[in-house]
Amino acid sequence: MSVIEVLKKQERQQGLQQGLQQGAEQKSYEFVKNLIQDTKFDDAKIASLAVVSVPFVRKVRADLAKKKK
């Protein structure tokens, strides 16, 4: 396998990892958004249920507030 082929393979693997990570983040975002909209849970409880950070929940909450304006 040539150096170019190895580099191309590494780039493909890195791209795949990035895509999987973005998909997981989008899924978490949607889950947090639904919890915010459909429950009265506080940010810490939502973060715990969704297995994300409290700042992530606050970001989603801020995004939703911006969309309502």
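Computed from a prediction, not measured in an experiment: that's the story for all the values here.

What counts, and at which threshold
Residues numbered from 1 in each chain as written. Predicted model: local features only at pLDDT ≥ 70, side-chain atom pairs only at ≥ 80, totals over all residues. Heavy atoms only, no water. Helix = DSSP H or I, 4+ residues; strand = E, 2+ residues; numbered from the N terminus. Rg over C-alpha atoms; globule rule 2.2 N^0.38 Å. Contact = heavy atoms within 4.5 Å. Areas by Shrake-Rupley, 256 points an atom, 1.4 Å probe, with all protein chains shown as cover. Lys, Arg positive; Asp, Glu negative; His and termini not counted. Charge placed at Lys NZ, Arg CZ, Asp CG, Glu CD. Expected span 1.5 Å × (residues − 1). Buried < 20%, exposed > 50% of the residue type's maximum accessible area, 1.4 Å probe, protein only. Phe/Tyr/Trp six-rings, centres within 6.5 Å; stacked < 30°, edge-to-face > 60°.

Scanning the protein for helices and strands turns up three helices and zero strands. For the protein, the N- to C-terminal ordering of α and β elements is α-α-α. A compact globule built from 69 residues should have a C-alpha radius of gyration of about 11 Å, whereas the protein, at 18 Å, is more than 25% larger. Each principal axis of the C-alpha atoms in the protein carries an extent, and together these give about 55 × 25 × 15 Å. Restricting the contact set of the protein to residue pairs at least 6 apart, pairs at least 24 apart contribute 43%. Carbon and sulfur atoms make up 55% of the accessible area of the protein, which amounts to about 5700 Å² in all. Distance between charge centroids for the protein: 4 Å, based on 14 positive and 8 negative side chains.

With that out of the way, let us pick up helix H1 (residues 3-38). Look at H1: 52 Å from first C-alpha to last across 36 residues, which is about the 52 Å you get at 1.5 Å a residue. The set of residues buried in H1 consists of Tyr29, Val32, Lys33, Leu35 and Ile36.

This part covers the packing of aromatic side chains. We describe a pair of aromatic rings using the distance from one ring centre to the other and the angle between the two ring planes. Within this structure, the stated rule accounts for one aromatic pair. Between Tyr29 and Phe56, the aromatic rings sit 6.3 Å apart at their centres with planes inclined by 90 degrees, giving edge-to-face as the arrangement. With Tyr29 in helix H1 and Phe56 in helix H3 (residues 54-68), the pair connects residues that are 27 residues apart, well separated along the chain. With respect to class, Tyr29 is no different from Phe56; both count as buried.

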